[in-house]
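Coordinate inspection notes
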Amino acid sequence: MTAPLPLVFDAPRRGMPPRHLADLDADGRRAAMVELGLPKFRADQIARQYYGRLQADPAAMTDLPAAVRDTIAGALFPPLLTPVRHIACDSGETRKTLWRAGDGTLLESVLMRYPDRATLCISSQAGCGMACPFCATGQGGLNRNLSTAEIVDQVRAAAADLRDGAVPGGAGRLSNIVFMGMGEPLANYKRVVNAVRRIVSPAPDGLGISQRNVVVSTVGLAPAIRKLADEGLSVTLAVSLHTPDDELRDTLVPVNNRWPVAEVLDAARYYADKTGRRISVEYALIRDINDHPWRAEMLGAKLHKALGSRVHVNVIPLNPTPGSKWDASPKPVEREFVRRVEAQGVPCTVRDTRGQEIAAACGQLAAEG
Ligand code: SF4
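Residues numbered from 1 in each chain as written. Predicted model: local features only at pLDDT ≥ 70, side-chain atom pairs only at ≥ 80, totals over all residues. Heavy atoms only, no water.

**Some points on the overall build of the protein chain**
Assigned secondary structure in the protein chain consists of twelve helices and twelve strands. On C-alpha atoms alone, the protein chain measures out to a radius of gyration of 21 Å, which is about the 21 Å that the 2.2 N^0.38 rule sets for 369 residues. With the C-alpha coordinates aligned to their principal axes, the bounding extent of the protein chain is approximately 70 × 50 × 40 Å. Counting the 369 residues in the protein chain, one finds 55% classified as buried. Within the protein chain, residue pairs in contact and separated by at least 24 positions form 68% of the contacts whose partners lie at least 6 positions apart. When the accessible area of the protein chain is evaluated, it comes to approximately 15,100 Å², of which 51% is carbon and sulfur surface. Side-chain charges in the protein chain split into 45 positive and 40 negative, and the spacing between the mean points of these groups amounts to 4 Å. (Helix = DSSP H or I, 4+ residues; strand = E, 2+ residues; numbered from the N terminus. Rg over C-alpha atoms; globule rule 2.2 N^0.38 Å. Buried < 20%, exposed > 50% of the residue type's maximum accessible area, 1.4 Å probe, protein only. Contact = heavy atoms within 4.5 Å. Areas by Shrake-Rupley, 256 points an atom, 1.4 Å probe, with all protein chains shown as cover. Lys, Arg positive; Asp, Glu negative; His and termini not counted. Charge placed at Lys NZ, Arg CZ, Asp CG, Glu CD.)

**Brief notes about helix α5 (residues 148–163)**
Look at α5: 23 Å from first C-alpha to last across 16 residues, which is about the 22 Å you get at 1.5 Å a residue. Judged by how many residues are buried, α5 sits mostly within the fold: 14 of 16 residues are covered. Downstream of α5 by a residue or two, Gly 165 has a phi angle that is positive, lying close to 70°. (Expected span 1.5 Å × (residues − 1).)

**Things to note about the UniProt feature "binding site: [4Fe-4S] cluster" (unreviewed entry) in the protein chain**
Within this structure's numbering, the places UniProt gives as "binding site: [4Fe-4S] cluster" (unreviewed entry) are Cys 128, Cys 132 and Cys 135. Relative to the helices and strands, Cys 128 is located in the loop between β5 (125–127) and α4 (136–140). Residue classification places Cys 128 among the buried residues on the basis of a relative accessible area of 10%. Look past the residues within four positions of Cys 128 in its chain and what remains in contact with it is Thr 137, Gly 138, Gly 141, Leu 142, Gly 183 and Glu 184. When you line up the elements, Cys 135 lands in the loop between β5 and α4. By relative accessible area, which is 14% here, Cys 135 ends up buried. (UniProt positions renumbered as here; feature names shortened; annotations may be inferred.)

**Description of the packing of aromatic side chains**
Each aromatic ring pair is characterised by the separation of its centres together with the angle its planes make. One pass over the structure, following the stated rule, counts three aromatic pairs. Taken together, a centroid distance of 4.9 Å and an interplanar angle of 85° make the contact between Tyr 50 and Tyr 51 edge-to-face. With centroids separated by 4.8 Å and ring planes inclined at 45°, the aromatic side chains of Tyr 283 and Phe 337 adopt a geometry described as tilted. One end of the pair, Tyr 283, is in strand β10 (residues 279–285); the other, Phe 337, is in helix α11 (residues 331–343), and 54 residues separate them in sequence. Summarising the burial analysis for this pair, Tyr 283 and Phe 337 share the class buried. Every member of this aromatic cluster is reached through a ring pair, and the members are Tyr 50, Tyr 51 and Phe 77. One cation-aromatic arrangement involves Arg 226 over Tyr 270; the distance from NZ or CZ to the ring centre is 5.3 Å. (Phe/Tyr/Trp six-rings, centres within 6.5 Å; stacked < 30°, edge-to-face > 60°. Lys NZ or Arg CZ within 6 Å of the ring centre and 35° of its normal.)

**Side note on the side chain of Gln 154**
Within the secondary structure, Gln 154 is located in helix α5. When its relative accessible area of 0% is taken as the criterion, Gln 154 is described as buried. Of the polar contacts made by the side chain of Gln 154, one reaches the backbone oxygen of Ser 123; its length is 2.9 Å. Setting aside residues no more than four positions away along its own chain, Gln 154 makes contact with Leu 81, Trp 99, Leu 107, Glu 108, Ser 109, Leu 120, Ile 122, Ser 123 and Leu 146. (Polar contact = N/O pair within 3.5 Å; in protein donor to acceptor, adjacent residues only side chain to side chain.)

**Quick word on the pattern of salt bridges**
Evaluated as defined, the whole model comprises 20 salt bridges. Measuring nitrogen to oxygen at the nearest pair gives 3.4 Å for the salt bridge that ties Asp 27 to Arg 30. Note that Asp 27 and Arg 30 are positioned in helix α1 (residues 26–35) at a spacing of three residues, about one turn of the helix. Under the relative-accessibility criterion, Arg 30 is labelled partly exposed at 31%. Residue Asp 164 pairs with Arg 163 through a salt bridge whose shortest N-O separation is 2.8 Å. In the salt-bridge network here, residues are joined through shared partners; they are Glu 297, Glu 336, Arg 339 and Arg 340. (Salt bridge = Lys/Arg side-chain N within 4 Å of Asp/Glu carboxyl O.)

Rendered as structure tokens:
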């Protein structure tokens, strides 16, 4: 039995964890070796252990002399994330992990296995400051940003568990990463971009996951979308639009007051132009709120005008949070919505809703503690 945990939104604001190997790029790792009085070649050796062998415990890095293991354990491997519990559903094909960071902060990640891939949904912040009223995480506010290493280590840990057969379904390989857990990734911009670089670079600089299989989501921080477009990356951008009109979006996604729909779509077009990637538009379908046929038509028309064929809409049946007035739309309404978006020339599919029985909508597990 796990002892009851404090609610994540009861936690006071806390600072970043101490420096970890995964916070550093290649130059930073070599500089750290110099600081520690170790030869620079140790930097690559340690990084190959962490990224290549997915080993986060220096004591198990047996190609290093024992004294070096102790030195780097103290200097570059502070306690980062400890699993509080794993919860499985969908016959074990979905596993949600609640993590406790070194300072007690709670966060979560969700691993979903499919016949052809294994996708990990990761958190970029503990809590979220975007205050979307239909979202459990949004109700608690932002606790703190996660460090680059705290983001990367969610991925390393899941990749190691899959490789080692520690997840039901047998040994496998982590292939896809989506930044759709707790938090607004682009509000923690620098650390998220650094984490993306570590996730996609080949060892010894990173975990070697294909950029095409990495999705960064945002509620529409337009300037940050443009900045991301200029990073030289080609990850998929997912824009959580949730409605095509400013009047409703000002309420559903309060940051819309700052960057309205037209600005978000302009930035998305810039991203598509610069990266050549198709934009994913996320639309949480909420009964009687944003599921009207005219909204489907407006959505399809605006997206087609802004992005042509370089867009795909994912309709997400809302996962109602306990005690909330928000609910998922009935299936016939959902089908009609999809039909009307597609009639505007925009591909639209309903996302499968893995993990509903374990409260896998962002933030729910941490919020339940
Ligand atoms: S929906 Fe996403 S951006 Fe909005 S409050 Fe929830 S976690 Fe934050």
